[in-house]
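Single-letter residue listing:
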Amino acid sequence: MKLGIQTADDDINRVNSFNMTINSTLSNPLIETTVNPRKFDTLNYTFKSEPAIGAITGILSFPHGYDYRPVFFPYYATDYNGGSLSSFSLLKYLLSDAPAPPLFLTNSIELYAVVDSKNVYFRVRKGDGFALTNLINSNWIFSYRIYALDAGDVDT
Amino acid sequence: MSIGIKMSQPGYNVKTSPDDKMAFSSEWQTLRIIKEVPFRIPASSVATTIFFHDLGYAPLYWPIIDKPGDSNLALIYPDGTAHVQNSDDLDIVVDEHTIRYITTSPSGGEVTGRVILFENPLVQNYEAPIDLRGSGDAIDTSNYGVRFVNNGSIDSTDKRDFAIDSTSRTPLVHRIKNGTTDSTKQIIINHDLGQLPAFFVYAKLSGADYWQFVTNATDAFISSTDTDTTVQLFATCEYVVWVLKEPVNKV
């Protein structure tokens, strides 16, 4: 006997599985496990800082409170280079247990986020042609979403 | 006749709660995971199939990538060139049957990570109603709620064990917009949420048979405000934009 719950935005007995909004059972052969990822942590932070020229510089790190590498999505807004603090973008991201590798945002400034089993990091690396004073004099807001999902290791 | 389930976050009246204080509504699409696929791509690998999902449609997915050293998640054409060339471009892509690793630089180092594969078809158009306009003020602090266990015990304190838990917000889909664009067009999606929503963008470049996850970079400008989500991909491609109801700049 299987117990669980199913809901749908139409007749529950007629819709396809992918039209259901909850299916907590394993009754559909396509479903091996059903988990709704959810955010249970959020953070906004505005900083003014100066990274080392040409170097990866840890600007912000936040403990996320979990003992695993969670799935996360970082967002940012900036008034740098004509941007607006009211306009957010999804930032490129990686997960890593090692010192964070860079991801290229532009050729002039490399902005990226990483997560390990302890912290979420937002970092900047200065590139060619980037006016350092622009970073110092600009505002940045970072926000991230952590979902109750283990990004894990390939062996787990 | 409208029958369904609505569930608000603790302390909020389910009949008047604004969308972002809802934990769940059966009127709205949710993201349902069918598979989590860990992968390890050996160093110097060329394009590689990671997993055969055989759903028959391209599914929504989240690529979580661990790659030491300089790298770039880029829009990559089928011939192995990137839309905007960098030193070491790579990505995880999906089609109707597979999840694949593609790269412009087969000499790159080992890439590991995990793909979160959802049951939801990636390519669709969808509009959820905004029917719950309230003050958002908490009205009650009583300790009660609803949770649906997926694995383990109902008493677990690990959120990963639950399909729904009213103490946590569930990602609820607000808009899905599919269309085509080119190097000059700017796509503006009026989401009308009155708050900055989480969003995800995918693109299928001209000539490609796969979809890629796109973030803001030199080859794509993607941003959202309280009213609009704006996307410019600078390439001839098909796109799909997922806008969730959850805000990114407040708890």
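Engineer: In this structure, what is going on with the overall build of chain B? I would like to understand it.
Structural biologist: Looking only at helices and strands, chain B has zero helices and 19 strands in total. Long-range pairs, those at least 24 residues apart, make up 73% of the contacts in chain B between residues at least 6 apart in sequence. Summing over all exposed atoms, chain B offers an accessible surface of approximately 9,600 Å²; the carbon and sulfur share of this is 49%.

Engineer: For this particular structure, what's the right way to read the overall build of chain A?
Structural biologist: Secondary structure assignment for chain A yields one helix and ten strands. Mapped from its N terminus to its C terminus, chain A presents α and β elements in the order β-β-β-β-β-β-β-β-β-α-β. Across the 156 residues in chain A, those meeting the buried criterion constitute 58%. Intrachain contacts of chain A at a sequence separation of at least 6 include 58% that bridge at least 24 residues.

Engineer: Got a minute to help me understand the confidence of the model for chain B in this structure?
Structural biologist: All names here are of chain B. When pLDDT is averaged along chain B, the result is 82; 85% of the residues meet or exceed 70. Strand 6 (residues 72-73) is the least confidently modelled element of chain B, averaging 65 in pLDDT, while strand 4 (residues 48-52) averages 94, the highest of any element. Predicted as a complex, the structure gets a pTM of 0.83 and an ipTM equal to 0.82.

Engineer: Would you mind going over the environment of B:P197 with me for this structure?
Structural biologist: All names here are of chain B. The topology assignment puts P197 in strand 15 (residues 197-205). Remark: the alpha-carbon pair of P197 and V248, spanning 51 residues in sequence, is separated by 5.6 Å. Excluding residues within four positions of it along the chain, P197 makes contact with H191, S224, T225, T229, V243, L244, E246, P247 and V248.

Engineer: Looking at this model, I keep getting lost on the side chain of B:H174. Mind explaining?
Structural biologist: All names here are of chain B. With respect to the helices and strands, H174 occurs in strand 13 (residues 173-181). Residue class for H174 comes out buried when judged on its relative accessible area of 0%. A distance of 3.4 Å separates polar atoms of two side chains, one belonging to H174 and the other to R175.

Engineer: So what exactly am I meant to see when it comes to the side chain of B:S8 here?
Structural biologist: Residue and element names in this part refer to chain B. Here S8 is to be found in strand 1 (residues 6-8). For S8, a relative accessible area of 13% gives the class buried. Only 2.6 Å separates the side chain of S8 from the backbone oxygen of Y12, close enough to count as a polar contact. Those residues within four positions of S8 in sequence are excluded, and the remaining contacts are N13, V14, S17, K21, M22, A23 and S166.

Engineer: Which parts of the structure should I look at to understand the sheet that holds strand 17 (residues 221-224) of chain B?
Structural biologist: Strand pairing within a sheet occurs via backbone hydrogen bonds; the two strands may be parallel or antiparallel. Residues and elements named next belong to chain B. Strand order across the open sheet formed by three strands is 14-18-17, with antiparallel pairing between neighbours. At either end of the open sheet lies a strand with only one pairing partner, and these are strand 14 (187-190) and strand 17. Each neighbouring strand pair of the sheet contributes to a mean axis angle of 10°, computed without reference to strand direction. The sheet contact formed by strand 17 and strand 18 (residues 228-232) spans four bridges and is antiparallel. Pairing of I222 across the sheet is with V231, part of strand 18.

Engineer: Explain the sheet that holds strand 5 (residues 59-66) of chain B to me, please; I cannot follow it from the model alone.
Structural biologist: Residue and element names in this part refer to chain B. Read from one edge to the other, the open sheet built from three strands follows the order 3-9-5, with strand pairing classed as antiparallel. Each end of this open sheet is capped by a strand with a single partner; those strands are strand 3 (33-41) and strand 5. Neighbouring strand axes in the sheet, compared pairwise and without regard to direction, differ in orientation by 20° on average.

Calculation rules
Residues numbered from 1 in each chain as written. Chains lettered and ligands numbered in written order. Predicted model: local features only at pLDDT ≥ 70, side-chain atom pairs only at ≥ 80, totals over all residues. Heavy atoms only, no water. Helix = DSSP H or I, 4+ residues; strand = E, 2+ residues; numbered from the N terminus. Contact = heavy atoms within 4.5 Å. Areas by Shrake-Rupley, 256 points an atom, 1.4 Å probe, with all protein chains shown as cover. Buried < 20%, exposed > 50% of the residue type's maximum accessible area, 1.4 Å probe, protein only. pLDDT = per-residue confidence, 0-100. Polar contact = N/O pair within 3.5 Å; in protein donor to acceptor, adjacent residues only side chain to side chain. Pairing = 2+ DSSP bridges. Axes fitted to C-alpha atoms, helices over the stretch in contact; angles between N-to-C directions.

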